[in-house]
Amino acid sequence: MDKSLLNNNEYSWCFACGKDNPSGLHMRFEIDDDKCTAYFTPRREHQSYPGRMHGGLVAVLLDEVTGNYLFAKEGKPSYTAKIEIRYRQPLAIGEEVVCTGRELKRKGRMVEMQGTICKKDGTLLAECLSKMMIVDETPQPSRKLAAGEGEEE
Ligand SMILES: CCCCCCCC(=O)SCCNC(=O)CCNC(=O)[C@H](O)C(C)(C)COP(=O)(O)OP(=O)(O)OC[C@H]1O[C@@H](n2cnc3c(N)ncnc32)[C@H](O)[C@@H]1OP(=O)(O)O
């Protein structure tokens, strides 16, 4: 994929992977022929109940690692149309996990993806099945926000 797609445009503000988003997770990826891998260590600001990562943010990890596989392969965004998650065990704050996204099958622009999050010893913590729609969209240059847009009330 053309790496310039990820720089100097709005993609750099993605909550999960954007380098310019100060509140983001700053995930980084390795892309192979058949999978995308990300390593992530939940921090205290990602906590829900004591010591465990918030489930909504676990969903972000799964959504992102599957979406990034398609983005890298296709050079186009894919929008999540559906995602089903099985939370098997908590993700512990401070313990690195391995997130993996794989394509299962596709029909037209709709792609079925599988995502997993495991401990480094291979223990499965969470998994998802999702449907993502590949869209034709050209990256737009980073925009200057209008007055008040994106600010707290
Ligand atoms: C590098 C960055 C990685 C980022 C990863 C993170 C990804 C994200 O967070 S994306 C943001 C969250 N998701 C969104 O905002 C998506 C919002 N939804 C949409 O934009 C649209 O509904 C979208 C694009 C999914 C589909 O819209 P559209 O192109 O109009 O398709 P639509 O006409 O509704 O459906 C087309 C076909 O797909 C099927 N389809 C659509 N949605 C679904 C679904 N949820 N489940 C099953 N099938 C579906 C329809 O049945 C239809 O099939 P057919 O024509 O054979 O009947």
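Keep in mind the model is a prediction, meaning the values are calculated, not measured.

Moving on, we get to the overall build of the protein chain. Looking only at helices and strands, one finds one helix and six strands in the protein chain. Ordered by position from the N terminus, the helices and strands of the protein chain form the series β-β-α-β-β-β-β. Residue burial in the protein chain is summarised as follows: out of 153 residues, 35% are buried. In the protein chain, the proportion of contacts linking residues at least 24 apart, taken out of those at least 6 apart, comes to 61%. When the accessible surface of the protein chain is summed, it comes to about 9,300 Å², and 48% of that surface belongs to carbon and sulfur atoms.

Further remarks concern the site of the ligand. In the vicinity of the ligand lie 14 residues, with Asp-63, Asn-68, Thr-80, Ala-81 and Met-110 positioned nearest. Backbone polar atom of Thr-80 to a nitrogen atom of the ligand: 3.1 Å apart, as the coordinates give it. Between the ligand and Arg-109, the relevant distance is 3.5 Å, taken from an oxygen atom to a side-chain nitrogen or oxygen of the residue. Of all the secondary-structure elements, those providing two or more residues to the shell around the ligand are helix H1 (55-74), strand S3 (78-87) and strand S6 (124-134).

Moving on to the sheet that holds S3. Within the open sheet, the six strands sit side by side as S1-S2-S4-S5-S6-S3. Their pairing is antiparallel. Both outer strands of the open sheet, strand S1 (29-31) and S3, are each paired with one neighbouring strand and no more. Averaged over all neighbouring strand pairs, the angle between strand axes comes to 20°, with direction disregarded. Examined bridge by bridge, S3 and S6 share nine bridges and lie antiparallel to one another. Each residue of the ladder has a partner; that of Ser-78, found in S6, is Ile-134.

What follows concerns unusual backbone geometry. Within the chain, His-26 stands out as a residue other than glycine whose phi angle is a positive 55°. On the secondary structure map, His-26 appears in the segment before S1. On the basis of relative accessible area, His-26 is assigned to the partly exposed category, the value being 34%.

Our focus in this paragraph is H1. With 20 residues, H1 should reach 28 Å at 1.5 Å per residue; the first-to-last C-alpha distance of 29 Å fits that figure. With 14 of 20 residues buried, H1 is to be regarded as a mostly interior element.

The subject of this paragraph is the pattern of salt bridges. A complete count under the given rule lists nine salt bridges for this structure. Note that Arg-106 is salt-bridged to Glu-74, the shortest N-O span being 2.8 Å. Here Arg-106 is found in strand S4 (residues 97-107), whereas its partner Glu-74 is found in helix H1, with 32 residues between them in sequence. On the basis of relative accessibility, which here comes to 38%, the residue Arg-106 falls in the partly exposed class. The exposure class assigned to Glu-74 is partly exposed, which follows from its relative accessible area of 29%.

Rules behind the numbers
Residues numbered from 1 in each chain as written. Predicted model: local features only at pLDDT ≥ 70, side-chain atom pairs only at ≥ 80, totals over all residues. Heavy atoms only, no water. Helix = DSSP H or I, 4+ residues; strand = E, 2+ residues; numbered from the N terminus. Buried < 20%, exposed > 50% of the residue type's maximum accessible area, 1.4 Å probe, protein only. Contact = heavy atoms within 4.5 Å. Areas by Shrake-Rupley, 256 points an atom, 1.4 Å probe, with all protein chains shown as cover. Near = heavy atom within 4 Å. Polar contact = N/O pair within 3.5 Å; in protein donor to acceptor, adjacent residues only side chain to side chain. Pairing = 2+ DSSP bridges. Axes fitted to C-alpha atoms, helices over the stretch in contact; angles between N-to-C directions. Expected span 1.5 Å × (residues − 1). Salt bridge = Lys/Arg side-chain N within 4 Å of Asp/Glu carboxyl O.

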